[in-house]
Amino acid sequence: MGMPPAPPCILGGPVTFAFEPHPSPVPANEREARLVDPGFGRVFTDHMAILHWSEAEGWHDGRITQRVPLTMDPASSVLHYAQEIFEGLKAYRLEDGGLALFRPEANARRLQESARRLAMPELPEDLFLESVEQLVLAERDWMPTLEGGSLYLRPFMIASEAFLGVKPSAEYLYMVLASSVGAYWKGGARAVSLWVSHDYTRAAPGGTGAAKCGGNYATSLIAQQEAIRRGCDQVVFLDAAERRWIEELGGMNIFFVFDDGSIQTPPLTGTILPGITRDSILRLARDEGLVVREEPYAIEQWRADAASGRLVESFACGTAAVVTPIGRVAGPDYEFTIGSGATGQTTARFLDRLSAIQRGRIADPYGWLRRIG
Ligand code: PLP
Ligand code: COI
């Protein structure tokens, strides 16, 4: 009797990212010009990370290579059935000149959870970390020096099998892009206004709300368009079952601050994204001794508490937007202002503390920074 064949998947073992330097990178003066006011998500670096997966070979052929347009078969299943997941994290220049990623292990784990939900192969954590670290090291000259600047990293995975049957793809591409970014909001930090969507929902129980998959964002766009049409900056979604409980924004979690000093955020019941910024703020708040509730909060309660003064602040949070104060909230037949409509003290404190840890300006007692150079 012969030996059974060796398993084809070489998970996290000898797989690594070979470096293929760009033959003609953007010249230094042109790069500097692009970094003066990069905005968010428009300025891309010279290289990207790429890694392939197939049923036969597992993860293979990892490279840091020039960022070029992809050649894809038009039957690739991602283009038809949206089998796609992504992540978002930042690399920062530290006060001492070094580089660090903020909690990348948490992004690696969330990508694995998203992969499970979308019936995709899980990328081992060490490959995720190597892909982002190698890319940042290759692109360190693209780190903006402007206040609030960082290198935003976008790992993502797409189904690349050319097949029109509805089933999980037999092939995938994992890639990481790097984008030099300044502030997420045009015009810099200020309190934003929210439109409460009573017509559209983002996620239903049993759906994909807790996964970071492109489809969630595609379905949020019409509600975001409506928010803009109604004169607001962002949409905030209510739960799909009762249209009552506040969930989150299209790309950020939400927090409420009360006059007794306590804070509250919606619980992770499967319909909202488990934000890493959300988790970090919960940790900072608990360590400050604040009373913290992860409990549902109803839209009518938000209105009543803002009117009575029990609610003093609200803020949104996420990797891209960091901590953003919410000044005004509007719905189909109501509108209310939170506190003075400007940035509150608790919001400002969390923004300062989180940014200071991320940039190495104060101690990092939680081991959140992963130094890479
Ligand atoms: N909620 C949604 C829908 C998001 O897209 C994001 C951004 O990633 C967040 C919340 C915040 O998550 P994190 O703090 O991990 O960036
Ligand atoms: C992030 O904060 O990283 C996000 O993914 C939000 C948005 C840019 C999609």
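Criteria and cut-off values
- Residues numbered from 1 in each chain as written.
- Chains lettered and ligands numbered in written order.
- Predicted model: local features only at pLDDT ≥ 70, side-chain atom pairs only at ≥ 80, totals over all residues.
- Heavy atoms only, no water.
- Domains from an automatic or database assignment.
- Contact = heavy atoms within 4.5 Å.
- Buried area = accessible area lost by both parts, 1.4 Å probe.
- Salt bridge = Lys/Arg side-chain N within 4 Å of Asp/Glu carboxyl O.
- Polar contact = N/O pair within 3.5 Å; in protein donor to acceptor, adjacent residues only side chain to side chain.
- Helix = DSSP H or I, 4+ residues; strand = E, 2+ residues; numbered from the N terminus.
- Nonpolar A, V, L, I, M, F, W, Y, C, P; charged D, E, K, R; others polar.
- Core = buried A, V, L, I, M, F, W, Y, C linked by side-chain atoms within 4.5 Å.
- Buried < 20%, exposed > 50% of the residue type's maximum accessible area, 1.4 Å probe, protein only.

**Student:** Sorry if this is basic, but what is going on with the domain arrangement of the protein chain here?
**Tutor:** Splitting the protein chain by domain gives domain 1 (18–181) and domain 2 (192–358). Between the C-alpha centres of domain 1 and domain 2 the distance comes to 27 Å. Listed as interface residues are 19 residues of domain 1 and, on the opposing side, 19 residues of domain 2. Surface buried jointly by domain 1 and domain 2 totals about 1,600 Å² across both partners, of which 60% is contributed by carbon and sulfur atoms. The largest share of the area that domain 1 buries against domain 2 comes from Phe86, Phe102 and Arg110, three residues that together contribute 36% of it. Put simply, Arg103 and Asp279 hold a salt bridge, and the shortest N to O gap is 2.9 Å. Our count for the contact surface shared by domain 1 and domain 2 stands at 11 residue pairs in polar contact (both at pLDDT 80 or more). Mapped onto the side of domain 1 that touches domain 2, the elements with two or more residues apiece are β5 (84–86), β6 (89–93) and α3 (104–117). In terms of residue count, α3 provides more of the side of domain 1 that touches domain 2 than any other element does, five residues in total. Grouping the constituent residues of the side of domain 1 that touches domain 2 by class yields 10 nonpolar, three polar and six charged.

**Student:** For this particular structure, what's the right way to read the nonpolar core?
**Tutor:** When a protein is soluble and globular, its nonpolar side chains tend to lie buried together. Residues Leu123, Phe128, Leu153 and Tyr174 are the most contacted members of the largest nonpolar core, which totals 51 residues. Of all the elements, strand β9 (residues 171–181) adds the most residues to this core, at seven residues. Summarising the domain contributions, this core has at least three residues from each of domain 1 (18–181) and domain 2 (192–358). Excluding its chain neighbours within four sequence positions, the residues that come into contact with Leu153 are Glu87, Gly88, Leu89, Ala91, Leu101, Val132, Leu135, Val136, Val176, Leu177 and Ala178. Counting 24 residues, the second-largest nonpolar core is a separate cluster that includes Val196, Met252, Tyr334 and Ile338.

**Student:** How should I be thinking about the side chain of Thr324 in this particular structure?
**Tutor:** Here Thr324 is to be found in strand β17 (residues 322–331). Ignoring any residue separated from it by four or fewer positions in sequence, one finds Thr324 in contact with Trp185, Arg190, Val192, Phe315 and Ala316.

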